[in-house]
Amino acid sequence: MFLNSDTIKKRAIRFDEANDYFEDDGRTIRFEDILSFYHQEIMQVTNSVYEGTKLVFTLYLKNDTKPYIVEIDSNKEDKYKTIYTISNAIARYRAKKILANLQNGQGEVFETLRDFNLSFENGVLELCYTKNRFAVQKVKLQKNLLVLECEDGSKETLYANSISDIGIFLQIVSTKDFFSDETDTIKKRDDKAYFVLMALMAFFGINGFFDICCMQNDVLEGVSRLSQVMLGVFIMTAPVFWLSSKSNYKKMKKEMDSLMQKEN
């Protein structure tokens, strides 16, 4: 296996869900000292085999110039569940605080891992650079990407999980008129394109196998012969990919069930 992430190693990380802090080898990290936090999950698949998910957990803390970062993969079950539980607890704590600030008329700044931040105040979202600020007119969610279109015509695209407190950020902006979720549209478009591609491969592949028509045309013959090879490979490997997908599903479900048990 290629996935092997564990920056915790032999350190003891302890967390009681009744507390607003956790301990890392005697160091106490209080939720109230967190300036921003990022929960990033990267799924690792090699040769269609799911190896696990790497969790990158990042905190920026008061009076600390260096970020607190933990990288752990789901194959280290107990450690992974501990960090995942801490991350969810922090998300809930900070979401409650952010919503209270907004309800009290205060603005909220969402830090990012890019060279700009996002400020939300009085229903207006602004993209803030060091010296300039631009009102965001459109926010588009495209799978795991966010596209921000500003009033000056500029555009920024970034991974959603590179925004601090991404869960509550999406919850807030999704209620606004300038937000649109294009994830389903993109998925349907990709599924349609895949179906058309497979249909063409099957059509020309069968023509390559049985010389049904138009094989006197060099271009169509070349396409048919290539599709014949591709269709043959697909037919031979399809059972392997089917078994892999079943195995991948079982492993991912086992990991999710384990996390849900931890949460409960």
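The structure we're discussing is the one just above.
Computed from a prediction, not measured in an experiment: that's the story for all the values here.

What counts and how
Residues numbered from 1 in each chain as written. Predicted model: local features only at pLDDT ≥ 70, side-chain atom pairs only at ≥ 80, totals over all residues. Heavy atoms only, no water. Helix = DSSP H or I, 4+ residues; strand = E, 2+ residues; numbered from the N terminus. Rg over C-alpha atoms; globule rule 2.2 N^0.38 Å. Buried < 20%, exposed > 50% of the residue type's maximum accessible area, 1.4 Å probe, protein only. Contact = heavy atoms within 4.5 Å. Pairing = 2+ DSSP bridges. Axes fitted to C-alpha atoms, helices over the stretch in contact; angles between N-to-C directions. Salt bridge = Lys/Arg side-chain N within 4 Å of Asp/Glu carboxyl O. Core = buried A, V, L, I, M, F, W, Y, C linked by side-chain atoms within 4.5 Å. Patch = residues over 30% accessible without salt bridge, like charges linked within 9 Å, V, L, I, M, F, W, Y side chains within 5 Å. Areas by Shrake-Rupley, 256 points an atom, 1.4 Å probe, with all protein chains shown as cover.

(A) The overall build of the chain, seen in detail. The secondary structure content of the chain amounts to four helices and 13 strands. The C-alpha atoms of the chain give a radius of gyration of 24 Å, which is well past the 18 Å a tight globule of 264 residues would have. Taken along the three principal axes of its C-alpha coordinates, the chain extends 75 × 50 × 30 Å. Counting the 264 residues in the chain, one finds 37% classified as buried. A separation threshold of at least 6 residues defines the contact pool for the chain, and within that pool the share at least 24 residues apart is 52%.

(B) Looking closely at the sheet that holds strand β2 (residues 21-24). Read from one edge of the open sheet, three strands run β1-β2-β3, paired in antiparallel fashion. Of all the strands in the sheet, the pair left with one neighbour each is β1 (13-15) and β3 (27-30). Ignoring strand direction, the axes of neighbouring strands in this sheet form an average angle of 25 degrees. With three bridges connecting them, β1 and β2 associate as antiparallel partners. Paired with Arg14 across the two strands is Glu23, which belongs to β2. Here helix α1 (residues 77-103) sits on the sheet and contacts β1 and β2; the angle it forms with β1, its principal contact strand, is near 45 degrees.

(C) Summary view of the environment of Gly208. With respect to the element layout, Gly208 can be found in helix α3 (residues 183-210). Between the C-alpha atom of Gly208 and that of Val223, which follows or precedes it by 15 residues, the distance is 8.3 Å. Discounting residues that sit within four places of it in the chain, Gly208 has contacts with Met215, Ser224, Arg225 and Gln228.

(D) Inspection of the pattern of salt bridges at higher detail. Counted under the stated rule, the structure contains 16 salt bridges. Glu126 is the partner of Arg133 in a salt bridge, and the nearest nitrogen-oxygen pair spans 2.6 Å. Put simply, Lys187 and Asp191 hold a salt bridge, and the shortest N to O gap is 3.0 Å. Remark: Asp191 and Lys187 occur in helix α3; sequence separation between them is four residues, near one turn of the helix. Here the residues in one salt-bridge network are Lys143, Arg189 and Asp190, joined through shared partners.

(E) Focus on the nonpolar core. Formed by 24 residues in total, the largest nonpolar core has its most connected members in Phe110, Leu125, Leu146 and Phe169. Counting residues per element, the ones that place at least two in this core are α1, β8 (117-121), β9 (124-128), β10 (133-142), β11 (145-150) and α2 (166-173). Looking at this core element by element, the count peaks at five residues for α2. Not counting residues within four places of it along the chain, the set of residues in contact with Leu125 comprises Leu118, Ser119, Phe120, Phe134, Ala135, Val136, Val139, Phe169, Val173 and Phe178. Ranked by size, the runner-up nonpolar core spans 21 residues in total, among them Ile13, Ile29, Val70 and Ile83.

(F) Structural detail: a nonpolar patch on the surface. Residues Ile206, Phe209, Phe210 and Ile212 make up a contiguous nonpolar surface patch of about 440 Å² in total accessible area. Considering the arrangement of structural elements, one finds Ile206 in helix α3. Among the residues examined, Ile206 registers a relative accessible area of 38% and is labelled partly exposed.

(G) Here's a closer look at the pairing of strand β6 (residues 68-73). Relative to β6, strand β5 (residues 49-61) runs antiparallel, the two being bridged by six bridges. If you follow Leu59 over to β6, its bridge partner there is Tyr68. As consecutive antiparallel partners, β5 and β6 are separated by six residues, and within that stretch Asn63 has a phi angle of approximately 60 degrees, a positive value.

Coordinates in, geometry out; function isn't part of it.
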